[in-house]
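Below are the chains, spelled out letter by letter.
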Amino acid sequence: MKTKLPFFKVFSLFLGFLYFISIPITAQTIEGDWFGKVDIDGIIVRLSIHVKTAEQGYTSTWDSPDQGAFGIPSTTTTFNYPDFSFSHAGAGIKYSGKINSSYSEITGILEQAGRKFDIVFGRNPVTASPGSPEALKQKYDKQEVYITMRDGVRLFTSIYTPKNTSVAHPVLMNRTPYNIEPGGQDQFNFFLQVYSRYIEDEYIMVFQDVRGKYMSEGLYEDIRPVIPLKNSNKDTDETTDTWDSVDWLVKNVKNNNGNVGIFGISYPGFYSTMGIINSHPAVKAVSPQAPVTAWFLGDDFHHNGAFFLLDCFPFYYSFGQPRRELTRRGKPAFSWPVPDNYEFFLSMGAVKNIAPKYFGDSIKFWNDAFAHPDYDDFWKARDPRRHLTNVKPAVMTVGGWFDAEDLYGALNTYEAIETQNSPSVKNFLVMGPWSHSQWAFGKANNLGNIYWGLDANEKFIEQENKFFDFYLKGEGNHEIPEAMIFVTGSNEWRNFDSWPPKNTLEKTIYFQPGESAGFEKPSTKTSFDEYVSDPWNPVPYTEDVHAQRTAEYMTDDQRFASRRPDVMVYQTEILNEDMTLAGPIIADLFVSTTGTDADYIVKLIDVFPAEAKASDDQDIKVPLGGYQMLVRGEVMRGKYRNSFEKPEPFVPGKITEVKYEIPDVAHTFKKGHRIMVQVQNSWFPLVDRNPQKFVNIYKCSDSDFQKATHRIYHDAKYPSGIKVSILQ
C-alpha cells in the first residue's frame, strides 16, 4: 500500500527527498544560501537551503529546483559550530553535517526511510544536470489540459510533446493517484526525469491525475470496480476514463502517430491494467508493473486475509485523507512518535484502537476495509482479473521477486491473461531481483546484503524499450521472450517459453525430527514440535529497529528469528549440487493449537556456507558466513484455511491441515548451501497480531489476545512440508 507509492510509493519517497537542505553562510556565519546536489539512484537532484538567525537560534527553508519545490520550511534547524542539522517531520528527513573553518562548505549525510545520502553544500549554485527540467525544456513543450469524460467529469492531464515536428510520435501514458504536477504549469514533473530514456526516443509523454485525485474532478474510489455492463454514460469506471482519455489524445495531440502505450508501477500499475480491459483501438501496448490487483488475497492490504498493518497505516494516514478541493498539494506524511515501529504498534494494542486515535472517521477506505473482514463481494469486485478477457493490446507485466507489496499482482495478472485468452495474444512476463519499483530508475546491483554481481536494471530497460518501440513505433523485432526471469542464487537472466516453466519436477521438502528436513517422507509414528506463541511478544519481521517498513527485509538474514523458541526451524543437509526452484510453493502443514484461530507464516530460506564472505566492493553489514537469506515468506490467516468467504475456528487440540500457496520463486540453492524452512505464528508489525481466538480481529479488544500452545506435526500420518518445483 503503499506505500503504496504506486508510481509510486516510490514517487512519494522522491517528493520527500525534495525537501532537503542547503546550508547558508556569509563570511563567518552559517546564514545565507547553500547549494548542493544528491544522487538518488542515478538521478541527480539539486538542493538549496537558506538559513536565517532567529530569536531562538536559527530557521531555514529549502528548495529543490528539479522538483519544482521552493521555500519549504524546515521543522528544526540547529547550528553549534561545527555541527549543523535540520529536519522535516512531514517528509521524514534528517540532515547532519559539519561546516569547515572557512564557512565555505558543509559536508554531511541526509537520511530518509533508512537510507543515507552524502551531500556537500557550498556557496555557489549548482549547474543543472542533463536530465534536469532545464535540459528537458530544450527538447519538449508542455501543456496542461482538462479532458472531459463521457459523464462530464474533467480529468487533469499534462502532455509533453517533442519540439521535433518532422515526424509523428507515439504516446506513452501514465495514469496515477499520486499527483502528476505538484510544481505547476511552468515546471516539468519528476516522472519525466525518471523516464528520460523515452525523452531521448521522442515519445509523447502523458500524465493524468485519476478521477477524484489532486487536480482532477469527480469522486475518488480506491481500486474502483469495473462495471461489466454499462447502461448509460453515467456508468463510468477506470476502463471508460482510460478509453475517453486515449480517444481525446489521438484526436487532439499534434504529431501523434495514432499508437498509445500505457504503463505504471503499483497503483498506476492497476490503472494500466484498466487500460487493457475493453481497450481503445489506439492502445497497442500496455505494461502493468507491480500492479495492485487483489487487496484481500495477496497485494498490499492483505495476504491470505491477514492484514498488513505496517504498510497500510502510514500509507492511508496520508493517502486516505479526503480532498476538499482541487489541489496540487499532497497531505502530510505520518510523523512517527517513536523510531521503533514494533514498540509503536505493540503499545497501540488491538487494531481497532488506531482509527479513534489517528484517523477518526475521515479515512473512508480504512473504514470500508474494517467493515469487510472476510472475502465478500466488496473485495471480489475490486479484483480486475476476471475482466482480463478478449485482450487486444500486447501486454508486458513486470514484477520484482522481492517486492513487499505487489509480487502477487504481477504474477497473477500475467497468469489471468495467459489462461483467459487465445495463445495469439502477446502476453509477456518480466520478473527481476527487485524490491518495489526498484527497476524504474538508477541501478539494481543488490537488495540489502544480497548482491547480484551485475546491474539487473540494464537488461530490463533494454527489454522495456524494445517492447514499446516495436508495438508503438514498428521498430526492431517482436522476438521478445514469453518470460524473462532473473534466477537469484545463480544470479542470471534466463528466458522461458512459459511461466511457470514446464520442465520441472514437483517434490516435497518434508519436515523431520531434530530440526531437519529432506525429500523423504517421515516414517516416525508420532512426531511433532511444540511451542508457545504469545501475541504480546510477537516475532518481529526483521532484526532492525526503525519506523518505516524496509524494502530490504525481503532478503534479510533470518538468524534472529531462528534463535527464538516460538520459531520452528527445519533444514536440509548440505547440498551436493545446485538446485533451482522455479514456480509456486505450496505450504502443507499439519498443526494443532490450544486456541481457536492462528496465523501461520512459512519462510523459505537459503543458508549460506560458514566460509561465505563478502567481496571488497560490497557494502554488507553482517557476516555472510551462515547467513540465512529470506527467499520467500508468506502468511495464512488460519481461519481462512478452507474458505476466504466463510472463516471457521480451529478445534482446540485437533490436528488440522493448513495448506496454502506461496508466491513463485526462481532461486538456485548453490552446492554447499542448505535449504531451510521456518514456521512461526506472528510477523510483527508487518502483519497485525492474531489474538489466537476466533473473533473479528478488526473489532476485538486487548483482552481477547491470548497465549496458545502450537504443534507442528512431522510423522508418517501427518507429514508437514512444502511442495516445490525443481527445474530440470
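Just above, that's the structure.
Here the focus is the overall build of the protein chain. Per the secondary structure count, the protein chain includes 14 helices and 34 strands. Principal-axis analysis of the C-alpha atoms gives the protein chain an extent of 75 × 65 × 50 Å. Of the roughly 27,700 Å² that the protein chain leaves accessible, carbon and sulfur atoms contribute 48%. The protein chain carries 74 positive and 90 negative side-chain charges, and their two centres are separated by 3 Å.

A few words now on the state of the cysteines. Any covalent bond linking the sulfur atoms of two cysteines counts as a disulfide. Scanning the model with the defined rule gives zero disulfides in all. You can see Cys312 has no disulfide; the closest cysteine sulfur is in Cys700, sitting 17 Å from it. Look at Cys312 and you get buried, because its relative accessible area is 0%. For Cys700, a relative accessible area of 3% puts it in the buried group.

The 10 strands are arranged E10-E11-E13-E12-E14-E15-E18-E19-E22-E23 in an open sheet whose pairing can be described as mixed. Each end of this open sheet is capped by a strand with a single partner; those strands are strand E10 (140–148) and strand E23 (492–496). Neighbour to neighbour, the strand axes of the sheet diverge by 20° on average, direction disregarded. Note: strand E12 (residues 169–176) against strand E14 (residues 256–265), four bridges, orientation parallel. Paired with Met173 across the bridge in E14 is Ile262. Those strands touched by helix H5 (residues 238–252) are E10, strand E11 (154–162), E12, strand E13 (204–209), E14 and strand E15 (283–289), and its axis lies near 150° from that of E12. The strands touched by helix H13 (residues 456–473) within the sheet are E12, E14, E15, strand E18 (394–400), strand E19 (427–432), strand E22 (483–487) and E23, with E15 carrying the most contacts at an inclination of about 155°.

Using the criterion set out here, one finds 31 salt bridges in the structure. With a closest N to O distance of 3.0 Å, Arg224 and Glu238 form a salt bridge. Of the two residues, Arg224 sits in the loop between E13 and H5 while Glu238 sits in helix H5, which places them 14 residues apart along the sequence. For the residue pair Arg224 and Glu238, the accessibility class agrees, reading buried in each case. Between Lys230 and Asp237 there is a salt bridge, with its nearest N and O atoms 3.1 Å apart. What makes Asp237 buried here is its relative accessible area of 0%. Put simply, Arg175, Glu221, Arg224, Glu238 and Arg382 are held in one network by salt bridges that share partners.

Attention shifts here to the packing of aromatic side chains. If you walk through the whole model with that rule in mind, you get 90 aromatic pairs. On the numbers, 5.5 Å between centres and 15° between planes, the contact of Tyr267 with Tyr271 is stacked. Remark: Tyr271 and Tyr267 occur in helix H6 (residues 267–276); sequence separation between them is four residues, near one turn of the helix. Like Tyr267, the residue Tyr271 is buried in the burial classification. Measuring from ring centre to ring centre gives 6.2 Å for Tyr553 and Trp683, while their planes differ by 80°; the resulting arrangement is edge-to-face. Of the two residues, Tyr553 is situated in the loop between strand E26 (528–533) and helix H14 (559–562) and Trp683 in the loop between strand E32 (674–680) and strand E33 (708–713); the sequence distance between them amounts to 130 residues. Just above the ring of Trp34 sits the side chain of Arg123; from NZ or CZ to the centre is 4.1 Å. In this structure, Arg689 is placed above the aromatic ring of Trp536, and the distance from its NZ or CZ to the ring centre is 4.4 Å.

We now examine H5. Here H5 is 15 residues long and its end C-alpha atoms lie 21 Å apart, about the 21 Å a rise of 1.5 Å per residue gives. Along H5, the positions that sit buried rather than exposed are Glu238, Thr239, Thr240, Asp241, Thr242, Asp244, Ser245, Val246, Asp247 and Leu249.

The next thing to look at is the environment of Tyr316. Tracing the backbone shows Tyr316 in helix H7 (residues 309–319). Judged by its relative accessible area of 1%, Tyr316 is buried. In sequence terms Tyr316 and Asn367 are 51 residues apart; their C-alpha atoms lie 11 Å from each other.

Okay, the pairing of strand E34 (residues 721–727) next. Along a regular strand, successive side chains alternate from one face of the sheet to the other. Burial of E34 is extensive: six of the seven residues sit out of reach of the surface. As paired strands, strand E28 (residues 579–593) and E34 are joined by four bridges and run antiparallel to one another. When the bridges of E34 are listed, Ala587 appears paired with Ile722.

The rules behind each value
Residues numbered from 1 in each chain as written. Predicted model: local features only at pLDDT ≥ 70, side-chain atom pairs only at ≥ 80, totals over all residues. Heavy atoms only, no water. Helix = DSSP H or I, 4+ residues; strand = E, 2+ residues; numbered from the N terminus. Areas by Shrake-Rupley, 256 points an atom, 1.4 Å probe, with all protein chains shown as cover. Lys, Arg positive; Asp, Glu negative; His and termini not counted. Charge placed at Lys NZ, Arg CZ, Asp CG, Glu CD. Disulfide = S-S within 2.5 Å. Buried < 20%, exposed > 50% of the residue type's maximum accessible area, 1.4 Å probe, protein only. Pairing = 2+ DSSP bridges. Axes fitted to C-alpha atoms, helices over the stretch in contact; angles between N-to-C directions. Contact = heavy atoms within 4.5 Å. Salt bridge = Lys/Arg side-chain N within 4 Å of Asp/Glu carboxyl O. Phe/Tyr/Trp six-rings, centres within 6.5 Å; stacked < 30°, edge-to-face > 60°. Lys NZ or Arg CZ within 6 Å of the ring centre and 35° of its normal. Expected span 1.5 Å × (residues − 1).

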